[in-house]
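# Overview (structure and organization)
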Amino acid sequence: MIRSQDALHAPYGGVVPELAARAHLQTLIPVIERALEDAGTRWEQVDALGVTRGPGLIGCLLVGVNLAQAIAWARKLPVVGVSHLAAHVYAGLLEDEDLRPPVLGLVVSGGHSDLVRWQENGEMAVIGRTRDDAAGEAFDKGARILGLPFPGGPAIDKLAATGDARAVAFPRPRAPGLDFSFSGVKTALLYEVRKRKAISDQARADLAASYQEAIVDALLQRVEAAQAADPAPTIVLGGGVARNRRLREAAQARLGHLAHLVIPAPELCTDNAAMVGVAALIEWDRRGPDPAPFDADPSLGFS
Amino acid sequence: MRLAIDTSGVDQALAVIDGRRVLAVDDWIRSRGDPPVLARLDALVRRAGGGPDDLDAVVAARGPGSFTGLRIGLSLAAGLAYARHVPLYLADSLPILARRATGDPAAVALRDAGRAQVFAWREGEPARRLPAAELAAWLPNSARVIAEPPGMLATWSPAQAHLEIPVAERRSLSAALTDFAIWTFESQKPLRYDEVQALYVQPAAAEERDRKTP
Ligand SMILES: [Zn+2]
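As a starting point, this report considers the structure included with it.

Bringing the sheet that holds strand 2 (residues 11–18) of chain B into the picture now. Pairing between the strands of a sheet comes from backbone hydrogen bonds, and it takes one of two forms, parallel or antiparallel. All names here are of chain B. If you trace the 5 strands from one edge of the open sheet to the other, you get 3-2-1-4-5, paired in mixed fashion. In this open sheet, the two edge strands, each paired with only one partner strand, are strand 3 (21–29) and strand 5 (88–91). Averaged over all neighbouring strand pairs, the angle between strand axes comes to 15 degrees, with direction disregarded. Pairing of strand 1 (residues 2–6) with strand 4 (residues 57–61), which is carried by 4 bridges, proceeds in the parallel orientation. Looking at strand 4, one finds that A4 is bridged to V59. Where helix 1 (residues 37–47) meets the sheet, it contacts strand 1, strand 2 and strand 3, and its direction lies at approximately 150 degrees from that of strand 3.

Attention shifts here to the interface of chain A and chain B. On the chain B side, the residues contacting the 27 residues of chain A number 31 residues. Here chain A meets chain B over a buried area of about 2600 Å², counting both sides, of which 68% is carbon and sulfur. Across the contact surface, chain A and chain B share 1 salt bridge. Notably, a salt bridge pairs A:K76 with B:D53, separated by 2.6 Å at the nearest N-O pair.

What follows concerns the coordination of the zinc ion. Think of it this way: four donors in a tetrahedron around the metal ideally sit 109.5 degrees apart, and six in an octahedron ideally sit 90 or 180 degrees apart. All names here are of chain A. Within the protein, the atoms that donate to the zinc ion are H84 (NE2), H88 (NE2) and D271 (OD), at distances of 2.1 Å. Overall, the relative accessible area of 16% leaves H84 in the buried class. On the basis of relative accessibility, which here comes to 2%, the residue H88 falls in the buried class.

The rules behind the values
Residues numbered from 1 in each chain as written. Chains lettered and ligands numbered in written order. Predicted model: local features only at pLDDT ≥ 70, side-chain atom pairs only at ≥ 80, totals over all residues. Heavy atoms only, no water. Pairing = 2+ DSSP bridges. Helix = DSSP H or I, 4+ residues; strand = E, 2+ residues; numbered from the N terminus. Axes fitted to C-alpha atoms, helices over the stretch in contact; angles between N-to-C directions. Contact = heavy atoms within 4.5 Å. Buried area = accessible area lost by both parts, 1.4 Å probe. Salt bridge = Lys/Arg side-chain N within 4 Å of Asp/Glu carboxyl O. Donors = N, O, S within 2.8 Å, 3.2 Å for Na, K, Ca; no water. Buried < 20%, exposed > 50% of the residue type's maximum accessible area, 1.4 Å probe, protein only.

Here you go:
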């Protein structure tokens, strides 16, 4: 059960933290009720709760963490607090239930671009991160430059399908080691748009396709480099940007022969609670439920 | 047993009551590194001789007040009421604060709203948000004032500093909360779980702007 706030935030061209937290308070319980109903489940059949402890917007995390733990306390159920980022990697289990570490994971979303290793001991090690914008931010900002609606990722994805990805040679984002950097390519797009007096529909599609290609190429280049340095039997892609059709297609072509490639269905790449449920199961096996009440942690990493 | 939660301000409190009888209370001052409120709540309910199954109703302060504190208090209250299928009530924070003064007439409650603004409440009116500089004109010279944080009236309106009730003469927040909770349980209507919302008191200018936006 996913309750999207995209429509709520669309008029502002991005997520408004205060709006998000207000909506959370009012919608969370009805969403829980609907999810139970859709699953044909009653509370009496629920054995435990999993909840995102972080990272994210503090106002939203506070609502989730406190509501979930209050319900758990009142119903005497155990609760497992998990990392939203790790959950994007664990989401691979929703696609392939035999998925086991070691796994090389790429988590790309509006807030994150992280390259991680889910190790055999269960820990997650971050081996690459963005130096500036996240990949999803790069898509959102690019979409705004191109005059496309929020959320920008799907808008560019759609428009790019009718464009020529080789029309404009955008610079490939470079950062040291396995890190990412997207501010350069965003600036290049801005200059490209500014130097043209008028942009035809075809030119806009070409720009979108070329811009998307630069981001996708940069992401996959880092995964290839990490895989070359220390090959993992399995590679998992996750996060909202992993819905991008060009990224999924190019990943299949470039990574498919390097490892067992797992890309969850688009709706399981976007933020969802099923991945939090899987994460709670994995964390439960590893360390058990949380023994005492815990706080939200907006800057939590992968564990 | 019924539970009352006020985490909307600097002083925070929980109270467990049975009818009009107080079973257990907890007062603390908000600070970094506090244990989660749920840990306090768990300890308090046990101290009152009960457990989750004994909960009959929940009331939480809905503000105006701290963004973080309100989200914690309202989420806990909603979660508890929903999970136990018991009535959920919300109560305005400033009238609770005002009850830290005893006797008549009811005290005026002032709470720091940040950015040189003050949340202000007096009997018979909704809470408002004022620039501290406008407080002197709004505040009756006969008023008895509960200010939060204490001592702030001297900063907001120095000429009226003497109107503030000294800390030593104030009741605990939990005592004020208990009073207000009993009144709420006995006379107010419970909310639906999807009606849970913090009370936002915007400056007059922002309200004006909101009315113009469709
Ligand atoms: Zn995410």
